[in-house]
Amino acid sequence: MLQPGTDAPDFSVNDHNGNTINLKDYRGKKIVIWFYPKADTPGCTMEGQGFRDDIKIFEDKNIQIFGVSLDNEADNKAFAEKFSFPYPLLCDVNREIALEYQAVKSAEDNYAARITYVIGEDGKILESIESVDTKTHSKDLCSRLSL
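Residues numbered from 1 in each chain as written. Predicted model: local features only at pLDDT ≥ 70, side-chain atom pairs only at ≥ 80, totals over all residues. Heavy atoms only, no water.

Q: So what about helix α3 (residues 73-82)? Which residues, and what values?
A: When α3 is considered as a whole, its buried residues turn out to be N76, F79 and A80. Buried residues along α3 cover an arc of 95° about the axis, so they all sit on one side. In α3, the exposed positions that point more than 90 degrees away from the buried face belong to A74, E81 and K82. Tucked inside the fold, the buried residues of α3 contact α1 (42-53), β4 (63-69) and β5 (89-91). Looking at where α3 begins, the residue whose side-chain oxygen comes 3.2 Å from the main-chain nitrogen of A74 is N72. Looking at the residues trailing α3, positive phi occurs at S84, about 55°. (Buried < 20%, exposed > 50% of the residue type's maximum accessible area, 1.4 Å probe, protein only. Helix = DSSP H or I, 4+ residues; strand = E, 2+ residues; numbered from the N terminus. Arc of directions from axis to C-beta. Contact = heavy atoms within 4.5 Å. Polar contact = N/O pair within 3.5 Å; in protein donor to acceptor, adjacent residues only side chain to side chain.)

Laid out in structure tokens, this is it:
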């Protein structure tokens, strides 16, 4: 995984609504990027619902949430609408973000690893989280003093 203190790789990708998301446009905010293997699967749903349920806490701390998977816009849109996710799901169909952030080992991988990064206001990695409990991940992040 990318190590804390390193620059977070910039990216430009569509979200589930077809909007182009450029990481550099979010400088000045902390960012949580949570990679998930597949839209609308049990673990990913549980993890996504945690971020949904805690969104106000993140917003109050000026933290932007991005979910990232290798799913296409249609699949991520259906996922976001089914569970009322209020944050963008990024559609990394070309695996560019997942490769840069080491969520996949190769462009042939079918699923991203379940990992998370916290990026600081200055664009540097603050935290790399390799082991995630889908039931408590969002609450664990919310409770940390570093956020």
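Q: Run through the side chain of D15, naming residues and quoting values.
A: In this fold, D15 is placed in the loop between β1 (12-14) and β2 (20-22). Of the side chains bearing the opposite charge, K77 lies closest to the buried D15, which forms no salt bridge; the N-O distance is 7.9 Å. Reaching out from D15, the side chain makes a polar contact with the backbone nitrogen of N17 at a distance of 2.8 Å. When neighbours within four sequence positions are excluded, D15 is seen to be in contact with I21, E73, P88, L89, L90 and C91. (Lys, Arg positive; Asp, Glu negative; His and termini not counted. Salt bridge = Lys/Arg side-chain N within 4 Å of Asp/Glu carboxyl O.)

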